[in-house]
Amino acid sequence: IDKDIVEVVVKELLIDNQEKLDGDIAMRAFKAIKDDSGEVLSYTVAVNKKAQFNHVLDLVAPGLSQITKVIRSDRENLDAAAKIGSLSHGEVSSMERIGCAIGLQSLSEIMKAHWAFSIGTDEANEQGQDSHLDVRIRFPPAVGFEGGPAVEHEFHLLAIPLLDLTSSGRVYADLLIKVLSALCPDWRMKLLGSSTDGAGSMTGHSSRFSTLLRNESLCKDGFYRVWCLAHQLDLVTKQSVLMLGNSGVLMKPLTGVIAYLRRQKNLQAQMHSKCPYYITTRWKSLHKVSKWLLN
């Protein structure tokens, strides 16, 4: 595994040093490969318990949490004790880190092999968890195998933890530049565009995220900056329906009614339903709330 993937991405960006888990061997699983002068060239990692490792990654892949509880249940109910064994939270964390490093190495090789790519980013905070910068990579269509249809390549690159960092375009750009430099050192020659959700920290003419990336790219004249269509639709919907000419005459009572209804536990029990939130960055949310109220 490339040196920068281990030292910059895995160790520096993905490990929360404030949280120490029992059984977490941290970076000790990665063994340095050095030259004659002692300089680290790359890293290798060995998986001693293959069945455990594969099982953990199978559970992680769909986004499952509480993995140790699932493994305990497997052992008890599926008679898998001999094959899977028991795992602590720290051991699971170590296996996840190894799997992440292996995946990033594969994605790095794909990025290096392509002549160009664009990125899609979104600052997210799902279900009250720590916020992160979600990054996707998109490649131009490639010629299909043996004359078949063209193949488009797109994959989720990384959810970069923001922890307690300031939410600003400069912070987001610095983090992504660090990741791109670790995965594909010549990314400045390949990056052709950036798409964002349209938040204030992401778009703009001076110190915003997309502008900072464009300034780093060597493809400045042809650099595309794309604003998420769903977010644009939400702004149009809000302006034309909810705001009614910036007066806010509908927005305030709507959100007030939603908040009131969500506090009525007896009503929810009788209806077997709960009024959905109005989410300001999801243009379909207004339709969902309106339909619920009408019903």
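This text goes with the structure placed above it.
So, here is what we can say about the structure in this document. (Residues numbered from 1 in each chain as written. Predicted model: local features only at pLDDT ≥ 70, side-chain atom pairs only at ≥ 80, totals over all residues. Heavy atoms only, no water.)

## With respect to the nonpolar core
Here is step 1 of the chain: In this structure, Phe-30, Met-111, Phe-117, Ile-119, Ile-137 and Leu-157 are the most contacted members of the largest nonpolar core, which totals 53 residues.
Here is step 2 of the chain: No other element matches the nine residues that helix H6 (residues 169-183) contributes to this core.
Here is step 3 of the chain: In this structure, Met-111 is in contact with Phe-117, Ile-137, Phe-139, Phe-155, Leu-157, Leu-180, Leu-183, Cys-184 and Lys-190, ignoring residues within four places of it in sequence.
Here is step 4 of the chain: One finds Met-251, Leu-254, Ile-258 and Leu-261 within the second-largest nonpolar core, a separate group that totals nine residues. (Core = buried A, V, L, I, M, F, W, Y, C linked by side-chain atoms within 4.5 Å. Buried < 20%, exposed > 50% of the residue type's maximum accessible area, 1.4 Å probe, protein only. Helix = DSSP H or I, 4+ residues; strand = E, 2+ residues; numbered from the N terminus. Contact = heavy atoms within 4.5 Å.)

## Remarks on the pairing of strand E1 (residues 30-34)
Here is step 1 of the chain: Across five bridges, the pairing between E1 and strand E2 (residues 40-45) is antiparallel. Looking at E2, one finds that Phe-30 is bridged to Val-45.
Here is step 2 of the chain: Between E1 and E2, which pair antiparallel in sequence order, lie five residues; one of them, Gly-38, sits at a positive phi of approximately 95°. (Pairing = 2+ DSSP bridges.)

## Observations regarding the pattern of salt bridges
Here is step 1 of the chain: Following the criterion strictly, the structure yields seven salt bridges and no others.
Here is step 2 of the chain: Between Lys-178 and Glu-12 there is a salt bridge, with its nearest N and O atoms 2.7 Å apart. Taken together, the positions of Lys-178 in helix H6 and Glu-12 in helix H1 (residues 3-13) put the pair 166 residues apart, joining distant regions of the chain.
Here is step 3 of the chain: Of the charged contacts, one joins Arg-136 and Glu-154 as a salt bridge, the two residues approaching to 2.8 Å between their closest N and O atoms. With a gap of 18 residues between them, Arg-136 in strand E4 (residues 132-138) and Glu-154 in strand E5 (residues 154-161) connect regions that are remote in the sequence. (Salt bridge = Lys/Arg side-chain N within 4 Å of Asp/Glu carboxyl O.)

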